[in-house]
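What the coordinates show
Given next are the chains, with one letter for each unit.
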Amino acid sequence: MMKKSVPLIISSMIVLLLVSTAVFAPWLAPNDPYATNMAMKLQGMSAAYPFGTDHLGRCVLSRLIMGARVSLFTALGVLAVTLVLSMVVGVAAGYLGGIADLVLMRACDILMAIPHFIFALVIVGALGGGVWNMFIAIIIVSWVGYARIIRNMVRGLKESTYVQYAKMTGVPTVKIVKRHILPFVFPQILLLLLIGTGSTVLLISELSFLGLGVTAPMPEWGMMISESKMYLSSNPMLMFVPGAMISLTVLIFDWFGDTLRDAIDPKMK
Amino acid sequence: MLEIRDLSVFIQTDNSEKEVVSHVNFTVPQGKIVGIVGESGSGKSMLCNAIMQLFRQNRRYTGDIIYKGTSLLAKSEREMRHLRGKEISLIMQNPMAMFNPIVKIGDHFVETLQSHERISKHHARKRAAEQLARFQLPEDELLDRYPHELSGGMLQRIMIALAACMQPNLLIADEPTTALDTMTQMDILDELLHFHQKTKTSMLIVSHDLGVIAKMADFIAVMRRGVVVEYGPAEWVLAQPAHSYTQALLAARDEHGDLEKLADSWEGTTIGPLYEYKPGCWVREEG
Amino acid sequence: MLAAIWGVTLVSFFLIRLIPVDPVEAYFAINNLPVTEEAIEEIREEQGLNKPLLFQYGLWLMNAVQLDFGQSFLTKTPVAEELLSRFSVTLGLAAAAFFIVIAISGIIGIWSVVKQGGLVDRFTRALVFATASMPSFWLGFVLVYVVSLKWGILPLMGWGTIEQSVLPAFTLALGYIPYYIRLIRTSMLEEIEKPHIAFARARGVKESIIIRRHVLKGILPALFTSLAMTCGGLLGGAAIIEAVFAIPGVGRYLVESMAARDYAVLQGFILIIGTLYVIFNFLADLLCAIVDPRARLKRGDI
């Protein structure tokens, strides 16, 4: 047991580091991420600007650190809302059936008909860009899948003998759900959502890259890459660094999810 | 013709090794049927796979298997492939799982024939049809059928026809009647006997069912936990069993007792040395 | 299948309408046009937006069946023409990537099984982890930087020649290759463990026949199902790759139309993508049924 938890401890430390970077971003950034300085544009590495400056003379490192905020806060926000939404609908659909079940299954049918990325793209397109609309679009495409998993889990649990017994002895529904269903479903869904956080971060950067997510001048990694397009030959660092940050973040979350899963249930693969 | 010499088989897993067959000796004489009887887990199937040299990559052997004067253990995988199916054929238990569900019956024949001789697909199909007819199977219907469309008994008979299609010198049947209903079991056994009488093919039949072995075998080996406890001519072993485990098996058969229960409850020893108590009759000494 | 496509038409039409923004007003606001009652009414009349919703849907569906997706707000040209001509570019890119995925992962996957390479397994496992975390657009830029700018081997950007399509198609494919190597490898190894393979070996069947007829054929159904999903993913991914390589495909058109809130384009686009997606899945089912006779019993739901 001890041996197994070592990678988990390391990976959660790194996740914690990442999250605290995002939380304390305004204090960690060496320069103002929004301050433009045309005299200092496209500079290389220096003491004042560790990663140089972009085409508007803004500090790249500061923008990277602030960018962590946008990506992580949005991704964690998506996680929280998706968790609540999918739990409520999934449990209702699985336990009560009826209209909730019908709505959920139809929603699944709709989402199954179109690739997720395109779906998110179209929703953002129709709503207009911006962090909020991107946030909403990502939630719309992601909650249904989790809700369906929960629904199926709850359906299985409902048939179990102890729930049947509790029902027969007249325990109120709310109590059954609270005592027998939620404690079982919750950790598993949280785990799945954590594993999926990496791909949410990726989705955010993709939408922002296309100019449909975060709007300028807010710093965001995907958008920083998009902005660096014109300077690829002269300043490739502008493109390398934010991409490396995205990859690193996704990798860290994937790894964290993996170690967490191994620690909780080594059989779940 | 086939001689098993002091053979032990070890199954290798990632970091350990388990002995499943221990110091087994017996021979299959030309044109005779040898039966091996024993409870499940006694190492009978392992022995069959060892003779066929299947699953080589995670097995270790000591002793030797001599076929027509040469060691099978020393043969390369390539040489073994040429022997398998052509000189030595294997009929396996659970026919439902042994045919590839997405490959037609006829193609199972064709690929076997084409692996051993140069033959066109057309001719191979014709040979397959003849072979099925030889076993009183409706060849026109069967060739283009898929395995899941057929019953277990039918598949088992096709498997025999398939194993026999290259006229092998030795036919090994590993639990040929398990998982079939009683009537079909009798049919299959009659089929095998009929085939044997016609072709004089040597056979090694393995079963947990003493009735099957008694019906078929000229010689009987009784196995218990990877060890042969008794070996001799069928009439001797059946009439005057020397080892107490054999005696218990026979008693259980006469009383229609449960073999698995017996296998679990029998507490005699199998570690004594094997000695020939009468020419051709071997038994383990019991302390 | 027809039911599914009908579902797609419902989604493409109503999804846009469910969004609580009046498309016409948004269109005016975005494009800085003077908002007057007459101007708005004119567009509404032109687009048929003043009729009941269900009537609009019926009309739109009737036209869509004849490949008429209405008029663009922006250019007043028929959407279908524009969309379809650009779609052919995107489809070409996705198809090229698709074949790269199959070719490369097929060769490496099969090779790793036949040669029993534990090394390949560890390598691809690391590669899956790495490529799954890399944004494809970034990977595209990195490749452009290394291959085009540093080595000068392939053209920088654009579309039309074979050389120009190599980098984009490869970038798009790269994310899927490690996944498919692993899929092919693990499902082949799983297939090899099955008892009927042991029986084939016991019959002395040649190893090449075993691999081809039994193992490879056995993994096809799982492969087809995955590939159908991947087709959809590739089309979505192509939209991003087009932005990287300045390819005049549907992705760029879509982003431009979105910026202008040109919702007739959006509707047509979802309809095409959704229909393609349904067709891909249907084809996958069909191919599975051809390979696996047991799947045929379930056929008949067209």
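Residues numbered from 1 in each chain as written. Chains lettered and ligands numbered in written order. Predicted model: local features only at pLDDT ≥ 70, side-chain atom pairs only at ≥ 80, totals over all residues. Heavy atoms only, no water.

Section: the overall build of chain B
Helix and strand counts for chain B come out as 12 helices and 12 strands. A compact globule built from 287 residues should have a C-alpha radius of gyration of about 19 Å, and chain B, at 19 Å, falls within 12% of that. Its C-alpha atoms put chain B at 60 × 40 × 40 Å along the principal axes. Looking at chain B as a whole, 55% of its 287 residues are labelled buried. Within chain B, contacts between residues at least 6 apart in sequence are counted, and of these 64% link residues at least 24 apart. Of the accessible surface of chain B, which amounts to about 12300 Å², a share of 50% is contributed by carbon and sulfur atoms. (Helix = DSSP H or I, 4+ residues; strand = E, 2+ residues; numbered from the N terminus. Rg over C-alpha atoms; globule rule 2.2 N^0.38 Å. Buried < 20%, exposed > 50% of the residue type's maximum accessible area, 1.4 Å probe, protein only. Contact = heavy atoms within 4.5 Å. Areas by Shrake-Rupley, 256 points an atom, 1.4 Å probe, with all protein chains shown as cover.)

Regarding the pairing of strand 12 (residues 281-284) of chain B
As judged from the 2 bridges shared by strand 10 (residues 227-233) of chain B and strand 12 of chain B, these two strands associate in the antiparallel manner. In the strand pairing of strand 12 of chain B, Tyr231 of chain B is matched with Trp282 of chain B. (Pairing = 2+ DSSP bridges.)

Let's talk about the environment of Gln30 of chain B
All names here are of chain B. As for its placement among the helices and strands, Gln30 is situated in the loop between strand 2 (17-28) and strand 3 (33-38). Look at Gln30 and you get exposed, because its relative accessible area is 55%. In this structure the C-alpha to C-alpha distance between Gln30 and Lys200, which are 170 residues apart in sequence, comes to 8.3 Å. Once residues within four sequence positions are removed from consideration, Gln30 is found in contact with Met1 and Ser202.

What to know about the interface of chain B and chain C
Taken together, the contact pairs 27 residues of chain B with 21 residues of chain C. Overall, the association of chain B and chain C removes approximately 2200 Å² of surface from exposure, summing both partners, and the carbon and sulfur fraction of that is 62%. Where chain B touches chain C, the interface holds 2 salt bridges. Across the salt bridge formed by Glu111 of chain B and Arg203 of chain C, the nearest N and O atoms sit 3.1 Å from each other. Seen at the junction of chain B and chain C, the total is 13 residue pairs in polar contact (both at pLDDT 80 or more). Of all the secondary-structure elements, those providing two or more residues to the side of chain B that touches chain C are strand 6 (88-91), helix 3 (95-98), helix 4 (105-116) and helix 7 (152-163) of chain B. (Buried area = accessible area lost by both parts, 1.4 Å probe. Salt bridge = Lys/Arg side-chain N within 4 Å of Asp/Glu carboxyl O. Polar contact = N/O pair within 3.5 Å; in protein donor to acceptor, adjacent residues only side chain to side chain.)

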